[in-house]
Amino acid sequence: MTRRILVLPGDGIGPEITAQAVRVLEACQKLGLDAEIEQSLVGGSAYDVHGVPLPDETLDKARNADAILLGAVGGPKWDRIEDLSKRPEKGLLGLRKELGLFGNLRPAILYPQLADASSLKPEIVSGLDIMIVRELTGGIYFGQPRGIEERDGQRVGFNTYVYSESEIERIGRVAFEMARKRNKKLCSVDKANVLEVTILWREVMDRLAAEYPDVELSHMYVDNAAMQLVRAPKQFDVVVTGNMFGDILSDAAAMLTGSIGMLPSASLNERGQGMYEPCHGSAPDIAGQNLANPLATILSVAMMLRYSLNEPQLAERIEAAVGKVLDDGLRTADIASEGKRRVSTVEMGDAVLAALS
Ligand code: NAD
Ligand code: IPM
Ligand code: MN
């Protein structure tokens, strides 16, 4: 059966990095992947053409796709749009919400070749393999009420941090199942010493733990978790947390692997449909310069093949190709180190393609 893949390049470095990932997808087609690839607009590039960051046409195509590959959205060009609902980031948040993509997997894996690119000592990070499971369609990102309004002669900004038991339970199940397939350790990160919503979060995780006696559940406050991630990251196997804590902790974890340009992600719904994107943003400071690292996006294609397209062997081939390119000493600027060959975005794509064939 022909699978449908929708590619949404987005803004900033988005088009540059997705172009390399699409070449990898095309190579997979030659290796037997039965898929058709379509493109559409999202984010600031959609706003410029249609006046909205998530046009109906893009949402319709996304609903009908088996998997979506997204580059990144946003940038200074659109940061002053007053109507928040028109900002590029709302295009991405809208896709996540409309498609019900509540389960965000962000694997922080250190390729051994990059031990010297990490800002931490090699012995602290070597062998690192953490899976951050971030809740993606709830929490303070989506809670109501929210806004900025006049109160007692001054403006007040407010958001609501809310999770229902069922929302906590379904992300908890994703995390417990993930831990079961890995080293059977799950750390739930919250702020249950201060916030009621995470007292409930902790209770639900404890309740679920009874159903997964083979998984060792622990709890950690988010401030300590941030510290532990840079102190001794290898203590973690699977981490489960809410939307905002997961956003922040996954950027920190990215740096353990050498660069945010290395961290892929999968965002899954209950039907197994998924959106795949690098964890990083549109990197306006290097956009259009052929400098960005495309590997996070290419590794996101591997996650797509594994989690939505049932092609684990092709996924492994891509991951092996990335390993080979790093073995050969090729490095984009963000992971550059002495004695290695500095390459551009396109050259990195060329090398991955060559290693794939
Ligand atoms: P960012 O991740 O875009 O950039 C942070 C730093 O990391 C920059 O110095 C950038 O050059 C570097 N970087 C990021 N990706 C890289 C790559 N592939 N290769 C080499 N270097 C890379 O974060 P930011 O600067 O806070 O945000 C910029 C814009 O991106 C904002 O508009 C933000 O809203 C948006 N954003 C989008 C997403 C997304 O689409 N998923 C994620 C994060 C931020
Ligand atoms: C991410 C990004 C997004 C988020 C923004 C752009 C809405 O930072 O995917 O990590 O906060 O989820
Ligand atoms: Mn983020």
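In this report, the structure presented in the accompanying data block is examined. (Residues numbered from 1 in each chain as written. Chains lettered and ligands numbered in written order. Predicted model: local features only at pLDDT ≥ 70, side-chain atom pairs only at ≥ 80, totals over all residues.)

1. Here's the deal with the site of ligand 1
Convention followed: Only the C-beta atom, placed from the backbone, is used; a residue is near a molecule or strand if that atom lies within 6 Å of it. Any residue that is not Ala, Val, Leu, Ile, Met, Phe, Trp, Tyr, Cys, Pro, Asp, Glu, Lys or Arg is counted as polar, Gly included; the first ten are nonpolar and the last four charged.
Taken together, 22 residues surround ligand 1, and among them Gly74, Gly261, His280, Gly281 and Asn293 come closest. Residue composition of the shell around ligand 1, by class: 11 nonpolar, 7 polar and 4 charged.

2. Here's the deal with the packing of helix H8 (residues 222-231) against helix H9 (residues 243-256)
Using the following cut-off: Axis angles are defined between N-to-C directions and span 0 to 180 degrees, where every axis is a line fitted to C-alpha atoms and, for a helix, only to the segment in contact. Helix and strand assignments come from DSSP, with helices taken as H or I runs of at least 4 residues and strands as E runs of at least 2, each series counted from the N terminus. What sets the label is the angle itself: under 35 degrees gives roughly parallel, over 145 gives roughly antiparallel, 65 to 115 gives roughly perpendicular, and the rest give oblique. We call a crossing left-handed when the near helix sits turned anticlockwise from the far one by less than a right angle, and right-handed when that turn is clockwise. Each residue gets a C-beta atom placed from its backbone, and two residues are in contact if those atoms lie within 7 Å.
Remark: H8 packs on H9, axes separated minimally by 10 Å, with the N-to-C direction vectors making an angle of 15°. Comparing their axes, H9 and H8 come out roughly parallel. For the element pair H8 and H9, the recorded crossing hand is right-handed. Contact with H8, carried on its side by Val222, Ala225, Ala226, Leu229 and Val230, involves Phe245, Leu249, Ala252 and Ala253 of H9 and no other residues of that element. Along the lines of polarity and charge, the residues of the contact of H8 with H9 split into 9 nonpolar, no polar and no charged.

3. Considerations on unusual backbone geometry
For clarity, the threshold we go by: With C-beta atoms placed from the backbone, a residue counts as buried when 20 or more other C-beta atoms lie within 10 Å of its own, as exposed when 12 or fewer do, and as partly exposed for counts between those limits.
The linkage connecting Gln144 with the following residue, Pro145, adopts the cis geometry, with an omega of 0°. When you line up the elements, Pro145 lands in the loop between strand S5 (129-135) and strand S6 (147-151). Positive phi values are uncommon outside glycine, yet Ala283 reaches one of about 40°. Structurally, Ala283 can be placed in the loop between strand S12 (274-276) and helix H10 (295-307). On the basis of neighbour counts, which here come to 24 C-beta atoms within 10 Å, the residue Ala283 falls in the buried class. Residues other than glycine seldom take positive phi values, yet Asn290 does so here, at roughly 60°. By the element assignment, Asn290 lies in the loop between S12 and H10. What makes Asn290 partly exposed here is the crowd of 14 C-beta atoms within 10 Å.

4. Considerations on the site of ligand 2
Neighbouring ligand 2 are the residues Gly74, Glu89, Leu92, Leu93, Asp247, Cys279 and Gly281. Here the shell around ligand 2 is built from residues that sort into 3 nonpolar, 2 polar and 2 charged.

5. Quick look at the pairing of strand S10 (residues 238-241)
We count it as follows: One bridge is not enough; two strands pair if DSSP finds at least two bridges between them.
Burial along S10 is two-sided: Val238 and Val240 and Val239 and Thr241, pointing in opposite directions, are all buried. Pairing between S5 and S10: 4 bridges, direction parallel. Counterpart to Met131 in the pairing with S10 is Val238. When strand S8 (residues 185-190) meets S10, the two strands line up parallel, connected through 4 bridges. When the bridges of S10 are listed, Ser188 appears paired with Val240.

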